[in-house]
Amino acid sequence: MDTQELGVASGEASSPGLEGIMQQIAEHKGCGTSGGSGKASCGSGAGEGDLPTEIWEKVKNHPCYSEEAHHHYARMHVAVAPACNIQCNYCNRKYDCANESRPGVVSEKLSPEQAAKKVLAVASTIPQMTVLGIAGPGDPLANPEKTFKTFDLISRTAPDIKLCLSTNGLALPDHVDTIAGFNVDHVTITINMIDPEIGARIYPWVFWKHKRYTGVEAAKLLTDRQLQGLEMLTERGILCKVNSVMIPGINDRHLIEVNKAVKSRGAFLHNIMPLISSPEHGTVFGLTGQRGPSAQELKALQDSCEGEMNMMRHCRQCRADAVGLLGEDRSAEFTTDKIMAMEVDYDLEGRKAYQEKVEEERVAKVAAKQEELATLAGASSDIQLLIAVATKGSGLINEHFGHAKEFQVYELTTKGAKFVGHRRVDLYCQGGYGDEDSLETVIRAINDCHAVFVAKIGGCPKNDLLKAGIEPVDQYAHEFIEKSAIAWFKAYLDKVNSGEIEHVQRGDAEIRQGALINAA
Ligand code: CLF
Ligand code: SF4
């Protein structure tokens, strides 16, 4: 089916005032603030006051394009795109597209009609679900009929849901007009290289116009098409995120060049993700022992690109049928059997009312942070440290240590608290009983942090954390994360200044390899 059959006229695509918006994006990207000040930083952490209104309206409830939004809003993916037109060495076709997902889990594939029903079912159950993404399990644009048919159905039945797309970019230039015609405001392109010699080490082949290309020729074709597609999208005012997989020894340093290249072509956000690779995934990199980066290596690369453009640090490398807030996976609640049996009542007004409440919460959270930050005014110290936080969302410290499936990591300085990443862990507490090995896994994952903030924690893990040099902090249970972190940091500095404690640097931490355990 071509785009005409879907009711999309080629070339009609723009929203009003795009030139102005592009100009504003271009001006905004020049900002090199490092973040953590009282105002939200440039980058995906940017808040309402930091972005032009038109852009803020596009990102404010998109959990991937706004770090701040990801505490409050959810996305869902529908796995309607099984085929792929390239091969990446970190991908095993048995699993989801590793560009926008992690290997090790397989999505249930859906028809566009099933996908549309699923979106309505999820939107009716989870009012904070604001974005529908198509991200695999192959490449959405290698399956254009299914992808656009799905967008067509959803844009008619659930017009308040933002449409989002993630692609390897090979077929992108052929579909830009259709994408724009559906008012898709957010497109992700995975760009791992701009040098075909490096590309040849990542991509064994690409398939284009009925022909298979290999080696440097394949990588050259891919990079040319990716950059062309990026330019075409940004010219139309579509916000583009670039995902890059950091592969130590192959493209790690090169990603700084990639960052510059995509910035100059108008990308809004750059998401450098760690390679997830282990032999059981059956990928080329897994089988050849290619390692992924450590937490410190990843952060150092993200930090070095941050002055150049907006960096995303809250990506969860989610699966092609993920549902929920970025740190959670509720896909098991919405299997095809369950959704087909559901009576769906799409309550647009109810969703709107819910989201208005969320906005009130966000305002309260920002005000609380500003108030606490004022108490740090005038403080001078070079100390910079990380803390881990157990949270279920809403920007609150509201998770029990033993129930946390991940910890959010904040960097604290006298400028404030800045979100810098997350650490996925196995559940420490299974059915209420502690398990020594799991606790060691948690400690390895947050080993670079000085403290872990939790709603509650048992005596045994508390002692083990203290032994490992990580302070368990439960005095701010159910309070706002940033406000609490700043208050704790102020007290920490006071203790260092009075000689009560000595500030020491922490070591590196491990990024967990393998699939998300979908534990209840
Ligand atoms: Fe999905 Fe991707 Fe859209 Fe987000 S995910 S298609 S932009 S709605 Fe988000 Fe998931 Fe990371 Fe992707 S956390 S893998 S960046
Ligand atoms: Fe796999 Fe995605 Fe790469 Fe295709 S683009 S080979 S599905 S990781």
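Now for a description of the structure that goes with this document.

**Thoughts on unusual backbone geometry**
Geometrically, the link from G136 to P137 is a cis peptide bond, its omega value of 10 degrees lying close to zero. Tracing the chain through its elements places P137 in the loop between β3 (129-134) and α4 (144-157). Of note in this structure, K209 is not a glycine but carries a positive phi near 50 degrees. With respect to the helices and strands, K209 occurs in the loop between β6 (205-208) and β7 (211-214). Look at H210: it is not a glycine, yet its phi comes out positive at around 65 degrees. Relative to the helices and strands, H210 is located in the loop between β6 and β7.

**Overview of helix α12 (residues 348-374)**
Across its 27 residues, α12 extends 40 Å between first and last C-alpha, which sits within 8% of the 39 Å expected from 1.5 Å per residue. Those residues of α12 that fall on the buried side of the exposure criterion are R351, Q355, V358, R362, K365, A368, K369, E372 and L373. Buried-residue contacts for α12 involve α2 (53-59), α3 (112-125), β3, β14 (416-424) and α15 (481-498).

**Remarks on the nonpolar core**
The biggest cluster of nonpolar side chains holds 61 residues, and the ones touching the most others in it are V78, M129, L132, F151, I179 and L233. In this structure, L233 is in contact with L172, V176, I179, V187, I189, I238 and C240, ignoring residues within four places of it in sequence. Judged by nonpolar contacts, the second largest core, of 34 residues, contains V59, L221, I250 and L326.

**Topic: the sheet that holds strand β13 (residues 406-413)**
Strand pairing in a sheet relies on backbone hydrogen bonds. The paired strands run either parallel or antiparallel. Taking strand neighbours across the sheet as the criterion, the five strands line up as β14-β13-β12-β15-β16 in an open arrangement whose pairing is mixed. Every other strand in the sheet has two partners, leaving β14 and β16 (471-473) as the edge strands with one partner each. With direction set aside, neighbouring strand axes in the sheet form an average angle of 25 degrees. Relative to β14, β13 runs antiparallel, the two being bridged by eight bridges. Note on β14: the bridge partner recorded for E406 is R424.

**Considerations on the packing of aromatic side chains**
The full count for this structure, using the stated rule, is nine aromatic pairs. Pairing F148 with F151 gives two aromatic rings, centres 6.4 Å apart and planes at 55 degrees, and the pair type is tilted. With F148 and F151 both in helix α4, this residue pair falls three residues apart, about one helical turn. Neither F148 nor F151 differs from the other in exposure class; each is buried. Taken together, the aromatic side chains of F453, Y476, W488 and Y492 make up a single cluster linked through ring pairs. Here R212 stacks its cationic end above the ring of W205, 4.1 Å away from the centre of that ring.

**Description of the pairing of strand β8 (residues 239-246)**
The buried count for β8 comes to eight of eight residues, which makes it a mostly enclosed element. With burial as the criterion, each face of β8 is covered, one bearing L239, K241, N243 and V245 and the other bearing C240, V242, S244 and M246. Relative to β8, strand β5 (residues 186-190) runs parallel, the two sharing five bridges. Paired with I189 across the strands is V242, a residue of β8. As paired strands, β8 and strand β9 (residues 269-274) are joined by six bridges and run parallel to one another. Across the sheet, the residue bridging to N243 is N271, located in β9. Crossover connection from β8 via helix α8 (residues 255-264) to parallel β9: handedness right-handed.

**Quick notes on the side chain of K58**
With respect to the secondary-structure elements, K58 resides in helix α2. A relative accessible area of 10% means that K58 is categorised as buried. From its side chain, K58 meets the backbone oxygen of G237 in a polar contact 3.0 Å long. When sequence neighbours within four positions are dropped, the list of residues in contact with K58 reads K162, D185, H186, G237 and L239.

**Remarks on the sheet that holds strand β4 (residues 162-167)**
The strand order across the open sheet built from eight strands is β10-β9-β8-β5-β4-β3-β1-β11, with neighbouring strands paired in mixed fashion. In the strand order of this sheet, the two ends are held by β10 (311-312) and β11 (323-324), each with one partner. Direction of pairing for strand β1 (residues 74-77) relative to β3: parallel, over a ladder of four bridges. For H77, the partnering residue across the bridge sits in β3 and is G133. Where α3 meets the sheet, its contacts fall on β1, β3 and β11, and the angle it forms with β3 comes to roughly 155 degrees. Of the strands in this sheet, β8, β9 and β10 are in contact with α8, which crosses β8 at around 170 degrees.

**Considerations on the packing of α8 against helix α10 (residues 295-306)**
Following both chains from N to C, one finds α8 and α10 inclined at 35 degrees, their axes separated by 10 Å at the closest point. Seen from above, α8 lies across α10 with right-handed handedness. Of the residues in α10, those touching α8 at L255, I256 and N259 are L301, S304 and C305. Of the residues that constitute the contact of α8 with α10, the class distribution is four nonpolar, two polar and no charged.

Basis of the calculations
- Residues numbered from 1 in each chain as written.
- Chains lettered and ligands numbered in written order.
- Predicted model: local features only at pLDDT ≥ 70, side-chain atom pairs only at ≥ 80, totals over all residues.
- Heavy atoms only, no water.
- Helix = DSSP H or I, 4+ residues; strand = E, 2+ residues; numbered from the N terminus.
- Expected span 1.5 Å × (residues − 1).
- Buried < 20%, exposed > 50% of the residue type's maximum accessible area, 1.4 Å probe, protein only.
- Contact = heavy atoms within 4.5 Å.
- Core = buried A, V, L, I, M, F, W, Y, C linked by side-chain atoms within 4.5 Å.
- Pairing = 2+ DSSP bridges.
- Axes fitted to C-alpha atoms, helices over the stretch in contact; angles between N-to-C directions.
- Phe/Tyr/Trp six-rings, centres within 6.5 Å; stacked < 30°, edge-to-face > 60°.
- Lys NZ or Arg CZ within 6 Å of the ring centre and 35° of its normal.
- Right-handed = clockwise from strand over helix to strand, strands pointing away.
- Polar contact = N/O pair within 3.5 Å; in protein donor to acceptor, adjacent residues only side chain to side chain.
- Left-handed = near helix turned anticlockwise from the far one by under 90°.
- Nonpolar A, V, L, I, M, F, W, Y, C, P; charged D, E, K, R; others polar.

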